[in-house]
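Residue-level structure breakdown
Spelled out, the chains give:
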Amino acid sequence: MNTTPSKTTTPSTTTPPAGTTDPAEGPADAVTEEATAKNSLVKDSAKDPARKDDATGTPSDAADSGTAPDDLAGQSDDDDDDDDALEPDPFDEARHGVGAGAAAVVSAALGVVALTGAWTGRVAAERETLIGQIQTSGGGSAAQQISEIYGDAWHTTALVNGVFAVLALLVGVFVLVRPAFGAPSERPQPTWVRAVALAGVALGVLGVLISAGMYFDLFVSLPTAGVPAGG
């Protein structure tokens, strides 16, 4: 009878090959690494609040999303203001050149009056004629009567017309040279204003020449009294 005890085999623990991990240890290591990452993130956010906002993503993103519509609204308002500024005002367009145009018309009208004569010149001439008649009523030579009654009235008319011609010339020149002085204007002077002002200057110059010729008897001399035959 064999009394030798039978050999019992014990399960042997096998060592996994190098470079491989135990499946049981995998989840535990992953949990440990995730906890470590969260702890480091919390510490960094406590030191730098801006990084905390970046990490969480909610405060900064909310601020950006809240300010973006306001920025777009501000840009749209600025664009509307720029469009309103670029659009010309019809009232400004209507007022532009009104004063210069009126002055140009006045200059041309004064030039016409200087050439055709005014009622003030006729009144002044009649006054000089009356004065001459009064002075020569007591007696006087024919040359004196011609000078006092006719000559003074003629010269007075020429003088009044010359005054109107000078005024037309001055107003027209002022309108033409006005853009060169004062605050510069964004729009040029209208063409019709310059044309009318130039016409007033031309009429004023012509009126001055004619009035000067009348006053100094360059065109027509005063009549002279003939010598009596028996003298």
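Residues numbered from 1 in each chain as written. Predicted model: local features only at pLDDT ≥ 70, side-chain atom pairs only at ≥ 80, totals over all residues. Heavy atoms only, no water.

1. Considering the packing of helix α5 (residues 98-116) against helix α8 (residues 191-215)
- At a closest axis distance of 8 Å, the pairing of α5 and α8 adopts a crossing angle of 25°. By the angle between their directions, the pair α5 and α8 is classed as roughly parallel. As α5 packs across α8, the resulting crossing turns out to be left-handed. The segment α5 lies against α8, with A100, G101, A104, V105, S107, A108, G111, V112 and L115 engaging W192, V193, V196, A197, G200, V201, L203, G204, L206, G207 and I210. (Axes fitted to C-alpha atoms, helices over the stretch in contact; angles between N-to-C directions. Helix = DSSP H or I, 4+ residues; strand = E, 2+ residues; numbered from the N terminus. Parallel < 35°, antiparallel > 145°, perpendicular 65-115°, else oblique. Left-handed = near helix turned anticlockwise from the far one by under 90°. Contact = heavy atoms within 4.5 Å.)

2. Let's talk about helix α6 (residues 119-136)
- Taking 1.5 Å as the rise per residue, α6 with 18 residues should run 26 Å; its terminal C-alpha atoms sit 26 Å apart, in good agreement.
- The complete set of buried residues in α6 reads G121, A125, G132 and T136. All buried residues of α6 project into a common sector of 35° when viewed along the axis, lining one side. In α6, the exposed positions angled more than 90 degrees off the buried face are occupied by W119, E126, R127 and I134. (Expected span 1.5 Å × (residues − 1). Buried < 20%, exposed > 50% of the residue type's maximum accessible area, 1.4 Å probe, protein only. Arc of directions from axis to C-beta.)

3. A look at the side chain of T156
- Within the secondary structure, T156 sits in helix α7 (residues 142-177).
- Note on T156: relative accessible area 16%, which makes it buried.
- Residues contacting T156, with those up to four places away along its chain left out, are A124, A125 and E128.

4. Some details on the confidence of the model for the protein chain
- Confidence in the prediction for the protein chain averages 74 pLDDT; 55% of positions are at 70 or higher.
- No element of the protein chain has a lower mean pLDDT than helix α2 (residues 49-56), which averages 48, and none a higher one than α8, which averages 96.
- Ignoring residues within four places in sequence, the model shows residues 16-21, a span with pLDDT below 50, making 0 contacts including any to other chains.
- Every residue in residues 50-66 scores below 50 in pLDDT, and together they form 7 contacts with partners more than four places removed in sequence or on other chains. (pLDDT = per-residue confidence, 0-100.)

5. Quick notes on α5
- Between its first and last C-alpha atoms α5 spans 27 Å; for 19 residues at 1.5 Å apiece the expected length is 27 Å, and the two agree.
- Buried within α5 we find G101, A104, S107, A108, L110, G111 and A114.
- On its buried side, α5 packs onto α7 and α8.
- Positive phi shows up at G117, right after α5, with a value of about 95°.

6. Re unusual backbone geometry
- Positive phi outside glycine occurs at D217, with the angle close to 55°.
- Summarising the element assignment, D217 is placed in the segment after α8.
- Judged by its relative accessible area of 24%, D217 falls in the partly exposed class.

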